[in-house]
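# Descriptive structure summary
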Amino acid sequence: MSAAVSRIREPLIQGHKNYHQITEDLIGPTEKAPNRMWIIAFTISVITLGYGLFALCWTFWFGIGAWNANRTIGWAYDITNFVWWIGIGHAGTLISAILLLFRQRWRTGVNRAAEAMTIFAVMCAGLFPATHTGRPWFDFFMFPYPNTRGPLWVNFNSPLLWDLFAISTYFTVSLLFWYTGLVPDLATVRDRAKGVRKKMYAFMSMGWTGKAKHWQRHEYLSLILAGISTPLVLSVHTIVSFDFATSVIPGWHTTIFPPYFVAGAIFSGFAMVQTLMVITRKCFGLEGYITTNHIESMNKVILVTGTMVGSAYLIELFISWYSGYIYEQFAFYNRVLGPYYWSYIGMMGCNLIAPQVFWSKKIRKNVWWTFFISIFVNIGMWFERFVIIATTLARDFLPSSWSYYWPSWVEIGIYLGTFGLFFTLYLVFARVAPVVATAEVKAILKQYGDQYLGPNAQPHHHHHHDETEDVEHDGHHH
Amino acid sequence: MKNQNKNTEVWVGVEHLEQDPIFLESINREFNDTPALLQADGLKLGASRRDFLKYLGFSVGAATIASCDIPVKKALPYVVKPDEIVPGVATYYASSYVKGGDYCAVLVKTREGRPIKIEGNAMSSLTQGGTSARVQAAVLSLYDTNRYQSPMKNDGGKWSKMSWEDLDKEIGGKLAAGSVKVITNTILSPTAKKALGEFLAKYPGSSVVTYDAVSSSAQLQANENCFGKKAIPNYMFDKASMIVSFGADFLGTWISPVEYARQYAVTRRIEEASKASMSRHIQVESSMTLTGSNADHRVLVRPSEMGAAVATLYNAIASKTGEATVSAPKVNEKAAAALAKVADQLIANKGKSLVVCGTNNIGEQTLVNGINNMLDSWGNTMTFANASLQRQGVDSEIQGLIREMNAGSVGSVIVWGANPAFDLPNSDKFAEAFAKVKTKVSFNGTPDETTALCDYIAPTHHWLESWGDAEPKEGIYSLIQPTIAPIFKTRQAEESLLRWAGSQNINPSAEQPYYEYLNANWQSTMFTSQNSFATFEAFWDNALHDGIFEKPVAAFPEFGWNGDVNAAAAKVTKPGSGEIEISFFETVNVGAGQYADNPWLQEMPDPITRCVWGNYLQIPIEFDGNKSFDGVGKFAGLNNKEGYKEADQIEITVAGKKQLVTCVRQFGQKKDTVGLALGYGRKVSGAAGRNIGVNVYPWMSIDADGNTQYFATVDTVSGYIATTEYASVQYHHTMGVTGKAKGYEGEVNVDEIALMRVGKGFQGSLVERSVINRTNLNELPTFLKELEEKRAEFEHLNQQTLYPYDQFVAEKYSQGHHWGMHIDLNSCTGCGACQVACLAENNVPVVGKFEVYRHHEMTWLRIDRYFFGDYENPNVVYQPMMCQHCDNAPCENVCPVSATNHSSEGLNQMAYNRCIGTRYCANNCPYKVRRFNWMDYTTADLFPVNEHGPEPFVPYDGEVPFYADNLTRMVLNPDVTVRVRGVMEKCSFCVQRIQEGKLTAKKEGRALRDGDVKSACMTACPTGAIVFGDTNNEESEIAKRYKNELNYIVLEEINVRPSVQYTTRVTNRDEALLS
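Described below are features of the structure shown in this document.

A few words on the overall build of chain B. The secondary structure content of chain B amounts to 33 helices and 42 strands. Rg of the C-alpha trace for chain B: 31 Å, near the compact-globule value of 31 Å for 1075 residues, within the 12% margin. Here the C-alpha coordinates of chain B stretch approximately 120 × 90 × 65 Å along the principal axes. Taken over 1075 residues, chain B has a buried fraction of 62%. The long-range share in chain B, meaning contacts at least 24 apart out of those at least 6 apart in sequence, stands at 72%.

The following block contains the structure:
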């Protein structure tokens, strides 16, 4: 088996794992009482979420006027945060779908958590368009359902409507994909559980028995969903970018937005995956499954997409000059040198410059560097959205209407609240389901485990061990 | 009236009301007679399980159905319908707006018996259908919750209500105790003066003391000295081709701005570019006034130099025309040089020149009369035929009264409309002396500083509840008729006077005693002075219908020039030597303070500073030559963060009194001067005016002739004290002001350099914006060619399309109506009448200072103000900006729910019920004219707790929010939806008026004619700058205006196809004049 893989390639699973050990390592956290770290983190998350809910209720009660958005800057924190979260939600599906299709085996270590992150991030993202409306109780007007209002229909010309479809589709497909992957692992948990837990997991694993037919259908479904998801990864952020690109406002009305937004989304998504993975592998002791190789691979993606985004920033500047159109020129002058110059500096520094350190292999493989750069990228990508949305609106065509914006405590509260929501969900997820796709890791063990690869290969011993002890539900026909 | 839809008393039917004994018995019985059906069976109280379930099901169902029903408030139909009221149809009554000397002939629009809107009366030769912001806002003051609701008596600081009978009894005795002084502002009403005469005759030694807070006292005195006529001349700005104003804000606040603005616009409008001619207007001032902002040139002088400037011009003209010069103080060199050149141009335009002066100095006014005399202005551009009576107050009279009151020789004082305890320079002295008077009665209808010091309040009607007349100019009369029955237990002041006078000419038991008195007076005076009508009834009906009666112009009276210019020159103010001088001026919104409690006017941005709810110290700024603008001298470093919504506060001391003031950086402010509006800082007033801004009256002084002086020397200026919210609707000032900058050659656009925080801006970011087009008269031919080329290029750009959109639009709007608007930037003076008219017509909410500071203002129509030209002394262009009703509207295609869409008549319309409030339309609007209901400003939301009253009407102080009050809500236009929080709104082109016009035409079985539909802004405009109409109608005014070669479309190149066109702003500068 190991013959198919280059000996130079580093193993994806380290620590001489066998199937049983994998099960213990990955299923174990769902079976133990939470440790103190988890309890502290969960408490903080829930408190933050509560604060966010309070801020949200405040908004509902008093109106959007609780925010500092104004007649000139109609969207600010709300849509900035929406685009930011939706961008973060891109890595999961990219890892699951595109890397699956490209047979990138390293994805198995991180895909589960990344997909979970996607779903939670999309939930956080969806919160903003749903609640930023003046009358959120009428949001259902946006759905094209047969109604009693005569011929009144939604406006299919509106990018906001496209957004609604794009995001809801993306969320649905991602959720299905994620759950499909979870089923075999949930069955593993079920088999080891007792009492109520057993019943619960039995329900969730949908009668999975590990039959060949189950596996076959599982794989087919995964492939089909991967096939559906792949264009979605590209389309969602493309459509989000249409919210701006189809408008007439200089600085928004830009054809470069779709590819640039997609690259940015992957960039920020991977950064967030890194942030989370670095913490998760430490907390759950998963260094053997989420190895520095994984981290390095993802850093490479960050480097590439970061540079793409950076190039797009520079191309935008060039095009604004080249257009000869004063409004466009002014919009970009204003972005760089105007009252929001600090956010432009933040964007450029964090997105274009910071990831360049990843040209060094040493830094790419360094967990601390990775963590810090991933935080930088998260911040930088937030600034990017803020620059595009608030800065552009602040000074557009008519100087009489120029304005300046900074957030109110309510807007900050809602943003913090989405962090609360995200981490609450993630922490619950990490307790309830295996954070690493156990079945998929097992599937690549014999190809990419360190005992089978490279200088550490000790195939016979471990192979034997594996066959005698660990036959539970890992019956692989590969 | 503070109850919100609360029925304090409930009754059931007429029987209850009439206390019918049978009915009363029945309501005390809990159960009615048992129904017959149950009686037959016997009353079975037991119920089976199935019955229980049935009842349960039924009652749950019934409760559900019942709770789905929103409570319906039923309107009671008329039993006998009054002839003049048709529900749903507006009725218009001619009347006159009079407040002190402010006058406007108006039509009052009433709906179901309540006045809701004021329009100009086009039959008046004086205002010709124009209005001002103050006139437009006047209807709101009728429904002011702060109005006194009955007579009141002051019992040792506590006010108690009393009846009119008791008041008459008490006062009758007290007035007889000594002489009575009646303090008034200018009274325009001849009949009121007659009533006053009767009153004064009853109490010997009595007199009327008339003064005006912003006074023309010196001018009246000077005219009396020069011509023997104590009146303001009848100015004819429309006949002038050279206008020089020494600080007179004749377009904004001076004497009769509605009239003057209309005349002025005649000389400024360019209907055909090939035959363009314009007057030249030079304004001499220190702070930029509305008039100064419209001028071609401003000559900057310190406030104390104004007299020297007048004298300099006098001498320049005198020496050039061979007259004797006078010896007078010198004005600054720059101004002197400019005035010398102005003198040449004035002489060249002899007989077509007009010089006006707003100072309150007899010497200066005499010299100005002398200048006009030398320039042959008398009889050409000004005359005493139909002389203006709009300012009659002489300042020394009230000063004399203070001395008399101190001496104890005044028995009682009646205050009628005036507020001397607030608006005199020595109001503290007035208050002291006033306290010594035994009986003090106020006729004022709302709280003010003087009324608070009185013993009795005998509140008069609001003018919309009153009968009356006015004579704003000699021989020009107009009538005031009530358009609503008095809301409160008020009584017209004239009636009170006549009753207290025990007049034989009034029948106190009549239903409307003063109406009969007025009627009789007109019969004996006006009727006899005309011969068009044979019977008084016909004459009266006609006058009442038209609202005006104008006597044929009497033969031009000859006044001999009798002015002593040398004596006058000696009286001229000596230029001060103080480091910084401050001028106090009236703003178009709150006036001398009498309009301070009107929220519409408080929230109307000042045309120049664009600030709301307060007066801001206008500090001079200069370009540092490198990067930024900064305050000059002692004002350095102040207000540098206006763009971040922050204003700085400093303390200044004038006349030994220190006050904290908020600054605003002002282009066009002379360097060693500052300006601050008067009329703010009311302490006792309705909620809207209380403690808003700073009271500057105590900083003023009185000259040797007893005339109030509206400037002072600033003794000390503190540095920065505090930062406050900068409640301004417009931060960025300019459309390119030029000057010298380091590192650049020649004149460059310095504001563009200062626009960026880091580095420098770039040339073209402001001036090349296709927002404002402007040129100078002498460059017109070149400009027209450029404009044509530019528009051709835009048209070419707009033709580049994948879709045959042009064809679509062309076909779509080729039939039926296509509504459009045209705005003449040369006629627009920026006065703001249209803006307030829009608020009144369209139920646009007032949001308060804090919300404006957050840029949450709701105005559908705003007037953008841009500076251009030399940054030290720039010109101004005003641009009324409202929804442009784009035929290719960017807002429409982005709305996910189609809440904003296009009508077949080219209107961009809002379906409020459909709007969910994504605000995408507002973001995508290139003109930023869409307004979002950020909070529940109108109290139309479901939850009463989130009602957001505008400050200072905050909902938390126990009072109901401004718009929640049933009295205030009476001002709402029933034809326009009151928008709920969370929805977007914007200018609708007054679609309700379009609909009304179409319905009227339909009922009359005819096609819609041009002029059937006029938007509220169009009817409000005093200069006719705004024209609205059907562009598909070739005969229409708008179609004609659309052909003007100077027209342009704002942001034409982005192909949104607006339905609003503007004319290029043309100035008539002569660069040699100020070089």
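Right, picking up where we left off after that structure.
Quick look at the sheet that holds strand β3 (residues 114-120) of chain B now. All names here are of chain B. Spatial ordering of the open sheet is given by β1-β2-β3, a layout of three strands whose pairing is antiparallel. Lying at the two open borders of the sheet, with one neighbouring strand each, are β1 (91-99) and β3. Strand-to-strand, the axes of this sheet are offset by a mean angle of 40 degrees, without reference to chain direction. Note that strand β2 (residues 102-111) and β3 share six bridges and pair antiparallel. Bridge pairing links Val106 to Gly120 in β3.

Take the packing of aromatic side chains next. Inspection of every chain in the model, using the stated rule, returns 99 aromatic pairs over all chains. Measuring from centroid to centroid gives 5.2 Å for A:Phe330 and A:Trp402, while their planes differ by 10 degrees, and the two rings are stacked. Of this pair, A:Phe330 sits in helix α11 (residues 326-337) while A:Trp402 sits in the loop between α14 (367-394) and α15 (409-432), placing them 72 residues apart in sequence. Here A:Phe330 matches A:Trp402 in class, with each residue buried. Positioned above the aromatic ring of B:Tyr644, the side-chain terminus of B:Lys641 is 5.5 Å from the ring centre.

Attention shifts here to the interface of chain A and chain B. With 68 residues of chain A at the interface, the matching set in chain B holds 71 residues. Each partner contributes to the roughly 5,800 Å² buried at the junction of chain A and chain B, and carbon and sulfur atoms together form 59% of this total. Ranking the residues of chain A by area buried against chain B places A:Arg71, A:Arg135 and A:Leu398 at the top, with a combined share of 14%. The tally of links from chain A across to chain B stands at three salt bridges. The partner of A:Asp396 in a salt bridge is B:Lys928, and the shortest N-O contact between them spans 2.9 Å. Summed over the shared surface of chain A and chain B, the result is 44 residue pairs in polar contact (both at pLDDT 80 or more). Elements with a contribution of two residues or more to the side of chain A that touches chain B: α2 (36-62), α6 (159-192), α8 (212-245) and α11 of chain A. Sort the elements by how many residues they give to the side of chain A that touches chain B and α11(A) lands first, with seven residues.

For the rest of this paragraph, the subject is the side chain of B:Gln492. All names here are of chain B. You can see Gln492 is positioned in the loop between β18 (476-480) and α17 (493-500). Classification of Gln492 as buried rests on a relative accessible area of 5%. Setting aside chain neighbours within four positions, we find Gln492 in contact with Thr460, His461, Ser466, Trp467 and Tyr514.

Attention now moves to the pairing of strand β13 (residues 382-388) of chain B. Residues and elements named next belong to chain B. Counting buried positions over the seven residues of β13 gives seven, a clear majority of the element. Across three bridges, strand β8 (residues 232-235) lies against β13 in antiparallel orientation. Bridge pairing in β13 links Asn234 to Thr383.

A word on the packing of helix α18 (residues 513-524) of chain B against helix α19 (residues 536-546) of chain B. All names here are of chain B. At their nearest, the axes of α18 and α19 sit 11 Å apart, and the two run at 115 degrees to each other. With respect to α19, the axis of α18 lies roughly perpendicular. Viewed along their axes, α18 and α19 form a crossing whose handedness is right-handed. Each of Tyr515, Leu518, Asn519, Trp522 and Gln523 in α18 lies in contact with α19, whose residues at this interface are Phe536, Phe539, Trp540 and Ala543. Among the residues making up the contact of α18 with α19, the classes are represented as seven nonpolar, two polar and no charged.

We now examine the sheet that holds strand β34 (residues 875-881) of chain B. Residue and element names in this part refer to chain B. Ordered in space as β30-β29-β33-β34, the four strands form an open sheet in which the pairing is mixed. Of all strands in the sheet, those bounded by a partner on one side alone are β30 (747-749) and β34. Strand-to-strand twist across the sheet, computed as the mean angle between neighbouring axes with direction ignored, equals 25 degrees. By the bridge criterion, three bridges tie strand β29 (residues 734-740) to strand β33 (residues 862-870) in an arrangement that is parallel. Each bridged residue has a counterpart across the sheet, and for Val737 the counterpart in β33 is Gly869.

On to unusual backbone geometry. With a phi close to 55 degrees, A:Met206 is a non-glycine residue in the positive phi region. With respect to the helices and strands, the residue A:Met206 is situated in the loop between α7 (195-204) and α8. Of note, B:Lys645 is a non-glycine position whose phi angle comes to about 70 degrees, a positive value. With respect to the secondary-structure elements, B:Lys645 resides in the loop between β22 (629-631) and β23 (646-654).

All right, on to a negative patch on the surface then. All names here are of chain B. A grouping of Glu779, Glu786, Glu788, Glu789 and Glu1045 is seen on the molecular surface, where their side chains present a negatively charged patch. Take Glu788: it is sitting in helix α23 (residues 780-799). Classification of Glu788 by relative accessible area gives exposed; the value is 58%.

With that settled, consider the environment of B:Gln481. All names here are of chain B. Mapped onto the fold, Gln481 is located in the loop between β18 and α17. Sequence spacing of Gln481 and Pro607 is 126 residues, and the spatial spacing of their C-alpha atoms is 32 Å. Dropping the residues within four chain positions of it, Gln481 is found in contact with Tyr93, Ala94, Ser95, Leu464, Ser466, Trp467 and Leu544. Only 2.9 Å separates the side chain of Gln481 from the backbone oxygen of Ala94, close enough to count as a polar contact. At a separation of 3.5 Å, a polar atom in the side chain of Gln481 contacts the main-chain carbonyl oxygen of Leu544.

A separate point is the nonpolar core. Ranked by size, the top nonpolar core spans 304 residues in total, and within it A:Trp85, B:Trp600 and B:Tyr927 carry the most contacts. The biggest single contributor to this core is helix α9 (residues 257-283) of chain A, with 13 residues. The next biggest cluster of nonpolar side chains, apart from the first, holds 41 residues, and it includes B:Leu200, B:Trp416, B:Tyr456 and B:Ala493.

Another point: α19(B). Within α19(B), the full set of buried residues consists of B:Phe536, B:Phe539, B:Trp540, B:Ala543, B:Leu544 and B:Asp546. Check the buried side of α19(B) and you find it contacts β1, β18, α18 and β19 (548-550) of chain B.

A few words on the pairing of strand β24 (residues 657-666) of chain B. All names here are of chain B. As paired elements, strand β21 (residues 617-623) and β24 share four bridges and run parallel to each other. Residue Ile619 lies in a different strand from β24, and its bridge partner there is Arg665. Of the pairings in the sheet, the one linking β23 to β24 comprises six bridges and is antiparallel in character. Of the residues in β24, the one forming a bridge with Thr653 is Lys658. Between the end of β23 and the start of β24, which pair antiparallel, lie two residues, with Ala655 showing a positive phi angle near 50 degrees.

Calculation criteria
- Residues numbered from 1 in each chain as written.
- Chains lettered and ligands numbered in written order.
- Predicted model: local features only at pLDDT ≥ 70, side-chain atom pairs only at ≥ 80, totals over all residues.
- Heavy atoms only, no water.
- Helix = DSSP H or I, 4+ residues; strand = E, 2+ residues; numbered from the N terminus.
- Rg over C-alpha atoms; globule rule 2.2 N^0.38 Å.
- Buried < 20%, exposed > 50% of the residue type's maximum accessible area, 1.4 Å probe, protein only.
- Contact = heavy atoms within 4.5 Å.
- Pairing = 2+ DSSP bridges.
- Axes fitted to C-alpha atoms, helices over the stretch in contact; angles between N-to-C directions.
- Phe/Tyr/Trp six-rings, centres within 6.5 Å; stacked < 30°, edge-to-face > 60°.
- Lys NZ or Arg CZ within 6 Å of the ring centre and 35° of its normal.
- Buried area = accessible area lost by both parts, 1.4 Å probe.
- Salt bridge = Lys/Arg side-chain N within 4 Å of Asp/Glu carboxyl O.
- Polar contact = N/O pair within 3.5 Å; in protein donor to acceptor, adjacent residues only side chain to side chain.
- Parallel < 35°, antiparallel > 145°, perpendicular 65-115°, else oblique.
- Left-handed = near helix turned anticlockwise from the far one by under 90°.
- Nonpolar A, V, L, I, M, F, W, Y, C, P; charged D, E, K, R; others polar.
- Patch = residues over 30% accessible without salt bridge, like charges linked within 9 Å, V, L, I, M, F, W, Y side chains within 5 Å.
- Areas by Shrake-Rupley, 256 points an atom, 1.4 Å probe, with all protein chains shown as cover.
- Lys, Arg positive; Asp, Glu negative; His and termini not counted.
- Charge placed at Lys NZ, Arg CZ, Asp CG, Glu CD.
- Core = buried A, V, L, I, M, F, W, Y, C linked by side-chain atoms within 4.5 Å.

These figures capture arrangement, not role.
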